[in-house]
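# Fold and geometry: a report
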Amino acid sequence: MRWRDLRLLAALVALVPAAATAKPAAPVAAAPEPASIADVAGQIDAAEDQIDAVTAANAKPGDDAALTARIAALQPSDAALDAAVATLTPRLATIDARLAELGPVPAAGQPGETAEIAG
């Protein structure tokens, strides 16, 4: 056990000079343009259709292999919905922040919003 620890330590010591002289990583590429809301809605609709199809198939009796196949068929829908949430979450935060800036809607009988806010 002690020899193994010494070999690990020697390997780490050998890597330190290499890490110190390593070139910095290439800059990260710019984030791709966010998908349009229509594109995301289409992905959600397609995932919903797939889920509905699997749900309908679950109503029919089947064996374990059929159930396993239906579970596997849901994986792309799961990934598409995760991507939709990842796309929409920052947009929702931006919208919520803007709504907080604007404040509440004027109550009945109160003066309307200024032209700056309404425009």
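Residues numbered from 1 in each chain as written. Predicted model: local features only at pLDDT ≥ 70, side-chain atom pairs only at ≥ 80, totals over all residues. Heavy atoms only, no water.

## Some details on the overall build of the protein chain
A count of helical and extended segments in the protein chain gives 5 helices and 0 strands. Moving toward the C terminus, one meets the helices and strands of the protein chain in the order α-α-α-α-α. Residue burial in the protein chain is summarised as follows: out of 119 residues, 5% are buried. Restricting to contacts in the protein chain with at least 6 residues of sequence separation, those with at least 24 account for 59%. When the accessible surface of the protein chain is split by element, carbon and sulfur atoms take 66% of a total near 9,800 Å². (Helix = DSSP H or I, 4+ residues; strand = E, 2+ residues; numbered from the N terminus. Buried < 20%, exposed > 50% of the residue type's maximum accessible area, 1.4 Å probe, protein only. Contact = heavy atoms within 4.5 Å. Areas by Shrake-Rupley, 256 points an atom, 1.4 Å probe, with all protein chains shown as cover.)

## Focus on the pattern of salt bridges
Tallied over the full model, the rule gives 1 salt bridge. The shortest N-O distance in the salt bridge between Glu 101 and Arg 98 comes to 2.9 Å. Within this pair, Glu 101 and its partner Arg 98 are both found in helix 4 (residues 75-102), separated by 3 residues, close to a single helical turn. Of the residues examined, Arg 98 reaches a relative accessible area of 42% and is grouped as partly exposed. (Salt bridge = Lys/Arg side-chain N within 4 Å of Asp/Glu carboxyl O.)

## Some thoughts on the packing of helix 2 (residues 37-58) against helix 4
Packed helices, taken two at a time, are described by the angle their axes make and the gap between the axes. At their nearest, the axes of helix 2 and helix 4 sit 9 Å apart, and the two run at 150° to each other. In terms of orientation, helix 2 lies roughly antiparallel with respect to helix 4. Here helix 2 runs over helix 4; the crossing is left-handed. Between helix 2 and helix 4, the contacting residues are Ile 37, Val 40, Gln 43, Ile 44, Ala 47, Gln 50 and Ile 51 on the first element and Ser 77, Ala 80, Leu 81, Ala 84, Thr 87, Leu 88 and Arg 91 on the second. (Axes fitted to C-alpha atoms, helices over the stretch in contact; angles between N-to-C directions. Parallel < 35°, antiparallel > 145°, perpendicular 65-115°, else oblique. Left-handed = near helix turned anticlockwise from the far one by under 90°.)

## Examining the side chain of Arg 70
With respect to the helices and strands, Arg 70 occurs in helix 3 (residues 64-73). A distance of 2.5 Å separates a polar atom in the side chain of Arg 70 from a polar atom in the side chain of Asn 58. When near neighbours in sequence (up to four residues on either side) are disregarded, Arg 70 contacts Val 54, Ala 57, Asn 58 and Lys 60. (Polar contact = N/O pair within 3.5 Å; in protein donor to acceptor, adjacent residues only side chain to side chain.)

## Things to note about helix 2
Its 22 residues give helix 2 an end-to-end C-alpha distance of 31 Å, which sits within 8% of 32 Å, the value for a rise of 1.5 Å per residue. For helix 2, the complete set of buried residues consists of Val 40, Ala 47 and Val 54. Down the axis of helix 2, the smallest arc covering the buried residues is 50°, so these residues share one side. Exposed and oriented more than 90 degrees from the buried face of helix 2 are Ala 38 and Asp 49. (Expected span 1.5 Å × (residues − 1). Arc of directions from axis to C-beta.)

## Describing a negative patch on the surface
Together, Asp 45, Glu 48, Asp 49 and Asp 52 line one region of the surface with negative charge. Summarising the element assignment, Asp 52 is placed in helix 2. Judged by relative accessible area, Asp 52 falls into the partly exposed class, the value being 44%. (Patch = residues over 30% accessible without salt bridge, like charges linked within 9 Å, V, L, I, M, F, W, Y side chains within 5 Å. Lys, Arg positive; Asp, Glu negative; His and termini not counted. Charge placed at Lys NZ, Arg CZ, Asp CG, Glu CD.)

## Quick look at the confidence of the model for the protein chain
The predicted coordinates should not be examined in detail at positions where pLDDT is low. When pLDDT is averaged across the protein chain, the result is 76; 69% of the residues are at 70 or more. Counting contacts from residues 1-6, a segment whose pLDDT is below 50, to residues more than four positions away or on other chains yields 0 contacts. (pLDDT = per-residue confidence, 0-100.)

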